[in-house]
Amino acid sequence: MDRSIHNCYRLPMGRTAEFDRRTAVDAALGQFWTHGFHGTSTETLCRVTGLGRSSLYNAFRSKVGLYEECMATYLAEADDSVDAVLMSSSTTVFERISVLFSDLIDSEMDRRASGGPSGCFSVNTALEATDDPELAVPLQQLTASLHRRLSIMADYLLAGQASGDISCRLPPRAQAEIINGAVVGMRVAARVGSRRESMRAIADGALIALRP
């Protein structure tokens, strides 16, 4: 996630900043993920993106605008990684959910080992955005993403119940909520430095509710 850090610069009036937008977004995301919206200064964003203040605002409208684009990028990548596992046809639905948990734990441990941000950018944002009008749009992005992801997960679980891969003791939507709760729990555990075994215990607890 962390990319090369360039010195902050300003362009003469009338010139347009030429930059790799995705590289700038990734650099900003790393800062927001680690330090939060209010804990990340505009000066820091200039430094890590290589954009002067005016160029930063021209490209992203505002600090909040940049944060919104970081959130959209993060959510899209999260959706892609989940879909890549769930859409596999070589394993049962139950096994795919187990792989999903294992991949999450591995990614947390890998980021910790490399000194990257821990925990979940979405969870961090949800906590920071509560009762903060400035972050109303990122919170709406999160809410919409959560509802969409829960619906998709419930559909997968319903198919799993029909094929006998998933327990029918609970409705698919309730099971989807359990999976989401486990994901949040593991992300928070990673954020506070918990060991792999602690995150694995959370995952195994959720799998009990799914095991046929």
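Being a predicted model, the structure only gives us computed values, none of them experimental. (Residues numbered from 1 in each chain as written. Predicted model: local features only at pLDDT ≥ 70, side-chain atom pairs only at ≥ 80, totals over all residues. Heavy atoms only, no water.)

(A) View of the side chain of Gln161. On the secondary structure map, Gln161 appears in helix α7 (residues 136–163). Judged by relative accessible area, which is 13%, Gln161 ranks as buried. In this structure, Gln161 is in contact with Ile166, Ser167, Cys168, Leu170, Pro171, Pro172 and Gln175, ignoring residues within four places of it in sequence. (Helix = DSSP H or I, 4+ residues; strand = E, 2+ residues; numbered from the N terminus. Buried < 20%, exposed > 50% of the residue type's maximum accessible area, 1.4 Å probe, protein only. Contact = heavy atoms within 4.5 Å.)

(B) Structural detail: the environment of Thr91. Along the chain, Thr91 turns up in the loop between α4 (63–86) and α5 (93–114). Under the relative-accessibility criterion, Thr91 is labelled partly exposed at 30%. For the pair formed by Thr91 and Leu157, sequence separation is 66 residues and the distance between their alpha carbons is 14 Å.

(C) Quick peek at helix α9 (residues 196–208). Between the first and last C-alpha of α9 there are 19 Å, a value that for 13 residues agrees with the 18 Å anticipated at 1.5 Å per step. Against the buried residues of α9 lie α5 and α8 (172–191). (Expected span 1.5 Å × (residues − 1).)

(D) Region of interest: the packing of aromatic side chains. Summed over all chains, the structure comprises seven aromatic pairs. Taking 6.1 Å as the distance between ring centres and 20° as the angle between the ring planes, the aromatic pair formed by Phe32 and Phe37 counts as stacked. Among the aromatic residues, ring-to-ring pairing joins Phe32, Trp33, Phe37, Tyr67, Tyr74 and Phe121 into one connected group. Positioned above the aromatic ring of Phe37, the side-chain terminus of Lys63 is 4.4 Å from the ring centre. (Phe/Tyr/Trp six-rings, centres within 6.5 Å; stacked < 30°, edge-to-face > 60°. Lys NZ or Arg CZ within 6 Å of the ring centre and 35° of its normal.)

(E) How the structure looks around the pattern of salt bridges. As enumerated under the stated definition, the model contains 14 salt bridges in all. Where Glu177 meets Arg173, a salt bridge forms, and the shortest distance between an N and an O atom there is 3.9 Å. Of this pair, Glu177 and Arg173 both sit in helix α8, four residues apart, roughly one helical turn. Judged by its relative accessible area of 39%, Glu177 falls in the partly exposed class. Via salt bridges that share partners, Asp79, Asp83, Arg148 and Arg149 belong to a single interconnected network. (Salt bridge = Lys/Arg side-chain N within 4 Å of Asp/Glu carboxyl O.)

(F) Seen up close, the state of the cysteines. In the structure shown here, the tally under the stated rule is zero disulfides. Free cysteine: Cys120, not disulfide-bonded; nearest cysteine sulfur from Cys70 at 14 Å. (Disulfide = S-S within 2.5 Å.)

(G) Looking closely at the nonpolar core. Counting 26 residues, the largest nonpolar core has Ile97, Phe101, Met153, Leu157, Ile179, Met186 and Leu210 as the members making the most contacts within it. Within the residue set of this core, elements represented by two or more residues are α4, α5, α7, α8 and α9. Top element by residues in this core is α5. It accounts for seven residues. In contact with Phe101, other than residues within four places in its own chain, are Ile179, Ala182, Val183, Met186, Arg200, Ala203, Ala206 and Leu207. Core analysis: the next-biggest nonpolar cluster, separate from the first, contains 25 residues, Ala28, Met71, Cys120 and Leu135 among them. (Core = buried A, V, L, I, M, F, W, Y, C linked by side-chain atoms within 4.5 Å.)

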